[in-house]
Amino acid sequence: MAHLAVLLRDIDHDVTGSDQGVYSPMRELLEEEGIPFADVYDPVNLGSPDLVVVGNAISRGNEELEEVLARRIPFRSQAEVLKELFLENRRTAVVAGTHGKTTCSALLAWLLQDLDPGFLVGGIPLDFRCGAQVGHGEPFVVEGDEYDTAFFDKGPKFLHYRPWLVLLNDVEYDHADIYKDLDSYLLAFERLVNVIPANGRLVMYAHGAGVGRIRSKARCEVISFGTSAGDHSPLDVCVEPNGMRSFAISRVPGRFRTWLIGMHNIVNSTGCILAAHEYGVPFDRLAELLPMFAGVHRRQELLVKCAGGLLVYDDFAHHPTAIAATLRALRESLPGRRIWAVFEPRSWSMRMKVFQEKMPEAFQDADRVIIGPVFQSSRVAAALDPAAVASAIAQTGREAAYIPDIDEIARAIASSAGANDAVVILSNGAFGGLAIKLKELLA
C-alpha cells in the first residue's frame, strides 16, 4: 500500500493513509516521500476524500472502513486502483508463485530498465528509489500476490492485473487461511494463466506443484526453466574469487554473473532473464545488467558486521522451503561459520500449524536454532507449538531452543554468538523489533 501511495502521488494525487502502526522500512519510505500517515485508525483521518483505497488486511469493524461505508465514500481495492490507473495500455508482467516474488519482481524491473518500465514491488529494492515507479515504457512489472484482494473481493489480487506475461516461480501450498487445500491453491494459478492473451507469454518454473495442471490452461507460448534437461537450466555454476556466482543457461548464448547467493537465486535469475528477453532485451545486455543488481531489503540482507567478525542477516523467509533455501545459501557462501537461525512463526500458515512437521528439515543447515513466540497465537484455534518444534529440531542433532521473550532472544545472541558466527533473523514481520534490539546490543 505504501508503494501504491507513491505511485498515486507521482501522478499528482494528494494521498494520506492509516495503519495500526507503520513500521520500518515503510515508515522511512513514506517520510522520505513526504506522504502523511496516521499510526492509528480513526474516522477523523479520512477528511473528505474522493476515493478510499482499502487494503486486504482491513475487515468490517475497522473504524475508518465503517465511516467510509456510512458516508458512502467511493472505495476500491489496491488491485483495482493499480489496474485502472496504471496498467491500461501497458504490457504487464505479473511475477507469481509461492516463493521469490519480491526479488524476481525487482530483478525483472531492473533488467527491463532500458525500456523505462513501471513497476510495483512488495519490498524495497536496493537499486531503485523505492519499490514503485510509474515509468513511461510499455512494460509494467507487478508482484502478483495470490492472497485475497479485499474484504469485498475474496479472489486473488493477481487476477486483476491483465498480464501479457506471467513469470511463475515455484508453486507449493501456502496461505492456509485463504485456501483450504492444495487443489484450491493451484486453481488460483490456473485462473491467472488462463487470462494471458494468445500473443502473450508464460515463463514458468518446471518443477513446482501442479505444473501440468497450470500449464494446460495456457493459450500462449510457454517457456520453461528449472534444473532438468528439456528446460532452460543454469549450467556450470561457479563461484568467482570476489564471491560472485557465474553461470550459463542451456540454449542461451553467453554467461551471466550475479551477487545473489544460493541456487534458488540462480534459478530465479534464469526465469527473469528469459522473461526480460521476451520484451526484446538482448541476452548480451541482460548479461551486463544482472551483476549490477544489488537485491532487496530483508532478503539475505547483511544488517550488522561487527568489528570482531560476527555477521547478522535479515531475511523474509517464512515457509519451510524458503527457510531451507536461505540457510543453504548462507551455508554455501559462509563456509566454516557457525550459523544461527532465529525464527518467528508469523504467517497464517505457520501459525495454523500447517508446516509444523516440516520444520526440523527446514533448519538442517543451521547449527543453532532459536524459535521465537508465535505471533498473535491467541487468534489461532490450533496454533503451532514452538516448544515442540524446538525439541524436534534438537532431536536432529542441532542446538535448538524456544525462547518466548524477544529481549531474551536478543540478549542470548549478543552474549553467546562469537566472531566466527553468522546469525540470520527469519520473519515476514517485525519480530518484535529484534533486528533493532540486536543492532543496539552489538553496537
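Heads up: the structure comes first, above all this text.
*Asks:* Sorry, what's going on with helix α8 (residues 263-278) here?
*Replies:* Because each turn of an α-helix spans 3.6 residues, side chains separated by three or four positions end up pointing in the same direction. Here α8 spans 23 Å end to end across 16 residues, near enough to the 22 Å set by a 1.5 Å rise per residue. Among the 16 residues of α8, 12 are classified as buried, and the element is accordingly described as predominantly covered. Every buried residue of α8 is accounted for by N265, I266, V267, N268, S269, T270, G271, C272, I273, L274, A275 and A276. Backbone geometry just downstream of α8 places G280 in the positive-phi region, at approximately 100 degrees.

*Asks:* Looking at this structure, how should I read the packing of helix α14 (residues 406-416) against helix α15 (residues 434-442)?
*Replies:* The relative placement of two packed helices comes down to the angle between their axes together with the axis-to-axis distance. Between α14 and α15, the shortest axis-to-axis distance is 9 Å and the interhelical angle comes to 40 degrees. In terms of axis orientation, α14 runs oblique to α15. Where α14 crosses over α15, the handedness of that crossing is right-handed. Residues I406, D407, I409, A410, R411, I413 and A414 of α14 form the contact with α15, whose participating residues are L434, K437, L438, L441 and L442. When grouped by side-chain class, the residues that make up the contact of α14 with α15 number 9 nonpolar, no polar and 3 charged.

*Asks:* Just to check I follow, could you spell out the pairing of strand β10 (residues 153-156) for this structure?
*Replies:* A regular strand places its side chains on the two faces of the sheet in alternate fashion. As judged from the 2 bridges shared by strand β9 (residues 148-150) and β10, these two strands associate in the antiparallel manner. Each residue of the ladder has a partner; that of D148, found in β10, is P156. The turn joining β9 and β10, which pair antiparallel and follow one another in sequence, is formed by 2 residues.

*Asks:* How should the pattern of salt bridges be read in this particular structure?
*Replies:* Pairing between side chains of opposite charge can happen when the charged atoms of each approach one another. Considering all chains together, one arrives at 27 salt bridges under this definition. For the salt bridge of E66 with R60, the shortest nitrogen-to-oxygen distance reads 2.7 Å. Overall, R60 belongs to the exposed group, its relative accessible area being 54%. The salt bridge involving E221 is made with R201; its shortest N-O contact spans 3.5 Å. In this pair, E221 sits in strand β13 (residues 221-225) while R201 sits in strand β12 (residues 201-205), placing the two residues 20 residues apart along the sequence. On the accessibility criterion, R201 (19% relative accessible area) is buried. Each of the salt bridges in this network shares a partner with another, and the network as a whole consists of R9, D10, E33 and R129.

Cut-offs and rules
Residues numbered from 1 in each chain as written. Predicted model: local features only at pLDDT ≥ 70, side-chain atom pairs only at ≥ 80, totals over all residues. Heavy atoms only, no water. Helix = DSSP H or I, 4+ residues; strand = E, 2+ residues; numbered from the N terminus. Expected span 1.5 Å × (residues − 1). Buried < 20%, exposed > 50% of the residue type's maximum accessible area, 1.4 Å probe, protein only. Axes fitted to C-alpha atoms, helices over the stretch in contact; angles between N-to-C directions. Parallel < 35°, antiparallel > 145°, perpendicular 65-115°, else oblique. Left-handed = near helix turned anticlockwise from the far one by under 90°. Contact = heavy atoms within 4.5 Å. Nonpolar A, V, L, I, M, F, W, Y, C, P; charged D, E, K, R; others polar. Pairing = 2+ DSSP bridges. Salt bridge = Lys/Arg side-chain N within 4 Å of Asp/Glu carboxyl O.

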